Amino acid sequence: MSGAFERWLGGGQPLAGASVPAVGLQFWLDEQGDVQHLGGPLRAQLPPVAQRAVRVQDALLPHSAVVLEGAPQDWQGQPLDLDFPTVQGASLRTRGWLQRQGAGWLLQLFDIGDLLGAQQHQAVRDDVQRLAVEIGRAVRECTGERLLPVIAQQLQRLAEHWQARAVQVWCHEQGDWHSHAASDHHWPWAAQAQVRPWLHVLAQQGDLDDRALAELQVLCGGLPLRVLPYREGGQVQACLLCVAAEAPFAQAASEALVQALLDPFLARWRQQHMQRSTDHLHDLQRQLGAGGWHWSPDGLLELEAALAERLGLPCAVSIEHWLEQLHPADREAARLALQQVREGQALSLDLRLSQADAQGDTRWLHWVGALHGGQVRGVVLDISALKAQEQQAGAARARLENLIASSPAVIYVQRYDEGALHSAFFSASLEPLLGWRSDGEQVRQPGLAVHPHDREQWLERTRTLLREGQVRCRYRLRDQLGGYHWILDEARLLRDDLGQPLEVVGLWLDVSDATEAAERVRQSEERYRALVDDSPAMICRYRPDLQVLFGNRPLADYLECAPDQLAGMNLGRWLSDGDREAFVQRLASLTPEQPLSSAEICLQLPGREQAWWVWADRGLFDAQGRLLEVQAVGRDNTEVRRSQRQLLQGAKMATLGELATGLVHEINQPLNVMRMAVTNSLKRLHSGTADVPYLSEKLQRIETQVERTVRLVEHMRVYGRRSELERQAFVAWRAVDGALALLGEGLRGRGVKVQAESPASALQVLGHPDQLEQVLINLMVNARDALLERRTPAPCIRLAQQQVEGRVCLLVEDNAGGIDPRLLGRIFEPFFTTKPAGVGTGLGLSVSHGIIEAMGGTLEVANAEHGACFRVVLPLYNTS
Ligand code: ADP
């Protein structure tokens, strides 16, 4: 075609008329430029629309249509480069001229596509070459760490060059494919695992067929894909995947670029890989304490550097020197082994070094070697740690075996076979325990030696063991001499990986002593329980908060419930608030050193007036000395109390009786005064001299005397009453005043002077005021009797109060000469009296002593200068 173009140009003048040869593309136009005829062989390439075009411009590609401006005569005299669309899709690139042709014009065009292509190819080739050089240099010259980032950059350049969406590199390494980099940082399409099989096909077949390419293309999002393999010695070693490239792709150029990238990359990558592997190997050798050795032809043993360093030897040593390093006991074996390895036998020896390590432990080496192609070579491994572990394990095993053999328990193993257990092992302690021989019948069938009463337990043991995997039970086994031993059997079933029973490991412990002791304890507990239950005393255990843990029948009977209802009840519920507080305070004073305490407690029992119990407590403490619980024994003291109260009342009434003479005088006195006033008033009335002031004075006198008598009688009534049950706080001196009210007048009537020293402070005590009054009356009556009996001149009773260290002391002192010192020790005895029969009862002082003791005080006596001096000492009641 270009030849025709040359000829056509060479003609100088345009051809005229119909003789124009049909070459290229020819448009015959009229004066206005409308197409009259279209000719030339290139015409067939134009699409039908272009072939039918009215104007040339309509047949052209848009960028060429703008070239033809105005009418045809304006286009004359210049070459016209016009591009047309073709039916094949590519553009038809033409160059031509416009010439006069009769009345119209001829536009003659030639295909110059090849010409332009050649020029373009040259430019592209230059470009590719430049790019290849740059890529190659970048990859070769970067540092080792930068290799992969640089590869990614170069892939990006390639992607730009090919106007591709992304380019990825894959390398075939050790039988598998790896992708190290892509132009884009991440490859947005298929996962590596999906791509690999196709790359394996590529490696095996050297290329991918259309089907495989289509599959791979699907994995890359269905975009047009190019696979650019890189080969070494005909083998595909790497490849680039290039997705959606838009630039034209020349095979040779792309191969050049792939080579420029991968030649240096693979070389450097492999070198790095090799370096890493070597480093790893050295590391590993260092860590393992391993290294190669080689017997050089000149008779030296050459050791790898790391090994030589570890052993503290030069890298090449003579055989003799080597053997010297070994423990003397291993040298001969080593020498023989060396000889044998030369004869073709494999060498494998564990050796000790003559020098111990820094800790003084023996160093062990495992030495292997063989003859390879006439050369003896092998490996030495430091196995000191392994040997040490082996030795430790051996020692532990020996200790365990020793322990099993010396254990007082029999350790045994039974093998499982088809639902039955067969004895497989018994430890050495079997013989001392049961006297059974290890090969005896009993060992084979221990069930036969089980006590007839315990056979069911024995069978149940096996069933439980197989069902639940473990068991703990007791039964009796007969020993060699026919005696029975209680055996505690604890066994566990071991199963294999599939859960099938394998064997039973268990131990037998002779618990005869413990079992018998437990039996004795049980019997003694039973006796103790019977004792507690049958005891007439109340026995119980309770917590410090008074909650009952256990109580026996008598206690339950008192509290009117069943014994098993006692647990959980609170003892405090039957105590008054004050008594409960006192009870709890008493418990608080218990200590591990002084765990005992007793008291008489007063309870409000259901349906009963009141009960008095003598109650003894023993506290139980934990290791820190905290009170855990209290054990108590109680006895009902209500009857004794009752008779005591009756006695007290009797004594009181006796005192009253004694007072009677004085009281008669006491009552007579006001009566006399009143009679005198009445008689005198009547006289005046009769004589008519009674005036109002006189009468009113007399009546007032009578009223005063009536009031005095009423007070006295009232006091006697109160005194004669039974004491209140609850103690109360009262002023101690009040009892002195009370006693004087009853006794004072009578004493004075008998000529006895009463010297009552009223105290400055009103001190309080706790108890019953009438009882203290009774005590004081007793003391004053005794004093009066002694004074009158001994006819003491100026008889006098002194009453006083003192306060000594938190106590109140009331003194009753007379001047009757005192008590015979021989009698001093006896006067508090009940029924001791020196008074004539019918006069003294001998109860006054003994009852008084009891009353004061119950108030927490003491009644003391001493002979003073002029007579007896009684001291009532009572604890001060602190109101604050
Ligand atoms: P009673 O007065 O009925 O004899 P008490 O127990 O009151 O009984 O007294 C016992 C004895 O103590 C008296 O008989 C008496 O001998 C002696 N006694 C008591 N008080 C005095 C006193 N103040 N001086 C001398 N003896 C006394």
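As recorded in an unreviewed UniProt entry, the chain goes by histidine kinase and comes from Pseudomonas parafulva. Its UniProt record gives the chain a comment under Catalytic activity (unreviewed entry), which states: "ATP + protein L-histidine = ADP + protein N-phospho-L-histidine."

**Re the overall build of the chain**
Secondary structure summary: the chain contains 26 helices and 32 strands in total. Taking 2.2 N^0.38 as the reference for a compact globule, 880 residues should give roughly 29 Å; the C-alpha atoms of the chain span a radius of gyration of 67 Å, well beyond that estimate. Across its three principal directions, the C-alpha atoms of the chain cover 205 × 105 × 60 Å. Scored against the burial criterion, the 880 residues of the chain give a buried share of 40%. Looking at charge distribution, the chain has the averaged site of its 87 positive side-chain charges lying 10 Å from that of its 107 negative ones.

**Quick word on unusual backbone geometry**
Positive phi, normally seen in glycine, also occurs at Glu560, with a value near 55°. Positive phi values are uncommon outside glycine, yet Ala794 reaches one of about 50°. Following the sequence through the fold, Ala794 ends up in the loop between α24 (769–789) and β29 (796–804).

**Here's the deal with the site of the ligand**
Near the ligand, the surroundings consist of 19 residues, among which Asn782, Thr833, Thr834, Lys835 and Thr841 are the closest. Lys835 has a polar side-chain atom sitting 2.6 Å from an oxygen atom of the ligand. Protein chains shield 95% of the accessible area of the ligand, which is 530 Å² for the free molecule. For the shell around the ligand, the secondary-structure elements that each account for two or more residues are α24, α26 (844–854) and β32 (868–875). Top contributing element to the shell around the ligand by residue count: α24, with three residues. Its residues placed into classes, the shell around the ligand shows eight nonpolar, eight polar and three charged.

**Here's the deal with the pairing of strand β4 (residues 91–101)**
By the bridge criterion, six bridges tie strand β3 (residues 80–85) to β4 in an arrangement that is antiparallel. Within β4, the position partnered with Phe84 by the bridge is Leu92. In textbook terms, the turn of a hairpin is the stretch between consecutive antiparallel strands, and for β3 and β4 this stretch comprises five residues, one of which, Gly89, has a positive phi near 105°. Linking β4 to strand β5 (residues 104–111), which pair antiparallel, is a turn of two residues; within it Gly102 sits at a positive phi near 65°.

**Some thoughts on a nonpolar patch on the surface**
Among the surface-exposed residues, Leu494, Leu502 and Val505 lie close enough to one another that they form a single nonpolar patch of about 210 Å² accessible area. Structurally, Val505 is set in strand β20 (residues 501–510). Note on Val505: relative accessible area 31%, which makes it partly exposed.

**Quick look at the packing of α24 against α26**
At a minimum axis separation of 9 Å, α24 and α26 run at an interaxial angle of 145°. The interaxial crossing formed by α24 with α26 has left-handed handedness. Across the interface between the two elements, Gln771, Leu772, Gln774, Val775, Asn778, Leu779 and Asn782 of α24 pack against Gly844, Leu845, Val847, Ser848, Ile851 and Ile852 of α26. Split into classes, the residues belonging to the contact of α24 with α26 amount to seven nonpolar, six polar and no charged.

**Points about the pairing of β5**
Most of β5 is tucked away: seven of the eight residues are buried. The sheet contact formed by strand β1 (residues 25–29) and β5 spans five bridges and is antiparallel. Bridge pairing links Leu25 to Leu109 in β5. Taken together, the eight bridges between β4 and β5 define a ladder with antiparallel strand orientation. Of the residues in β5, the one forming a bridge with Gln99 is Leu106.

**Things to note about the UniProt feature "domain: PAC" (unreviewed entry) in the chain**
In the UniProt entry, the feature "domain: PAC" (unreviewed entry) is given for residues 471–523. Span residues 471–523 is 23% helix and 57% strand, its end C-alpha atoms 28 Å apart.

**Brief notes about the environment of Glu714**
Within the secondary structure layout, Glu714 lies in helix α22 (residues 692–720). Here the alpha-carbon distance between Glu714 and Ser277, two residues 437 residues apart in the chain, equals 123 Å.

**Some remarks on α22**
Along its 29 residues, α22 runs 42 Å from first to last C-alpha, staying within 8% of the 42 Å computed at 1.5 Å per residue. Every buried residue of α22 is accounted for by Tyr694, Lys698, Ile702, Gln705, Thr709, Leu712, Tyr719 and Gly720. The N-terminus of α22 is capped by Asp691, whose side-chain oxygen sits 3.1 Å from the backbone nitrogen of Tyr694.

Reading the values: the criteria
- Residues numbered from 1 in each chain as written.
- Predicted model: local features only at pLDDT ≥ 70, side-chain atom pairs only at ≥ 80, totals over all residues.
- Heavy atoms only, no water.
- UniProt positions renumbered as here; feature names shortened; annotations may be inferred.
- Helix = DSSP H or I, 4+ residues; strand = E, 2+ residues; numbered from the N terminus.
- Rg over C-alpha atoms; globule rule 2.2 N^0.38 Å.
- Buried < 20%, exposed > 50% of the residue type's maximum accessible area, 1.4 Å probe, protein only.
- Lys, Arg positive; Asp, Glu negative; His and termini not counted.
- Charge placed at Lys NZ, Arg CZ, Asp CG, Glu CD.
- Near = heavy atom within 4 Å.
- Polar contact = N/O pair within 3.5 Å; in protein donor to acceptor, adjacent residues only side chain to side chain.
- Areas by Shrake-Rupley, 256 points an atom, 1.4 Å probe, with all protein chains shown as cover.
- Nonpolar A, V, L, I, M, F, W, Y, C, P; charged D, E, K, R; others polar.
- Pairing = 2+ DSSP bridges.
- Patch = residues over 30% accessible without salt bridge, like charges linked within 9 Å, V, L, I, M, F, W, Y side chains within 5 Å.
- Salt bridge = Lys/Arg side-chain N within 4 Å of Asp/Glu carboxyl O.
- Axes fitted to C-alpha atoms, helices over the stretch in contact; angles between N-to-C directions.
- Left-handed = near helix turned anticlockwise from the far one by under 90°.
- Contact = heavy atoms within 4.5 Å.
- Expected span 1.5 Å × (residues − 1).

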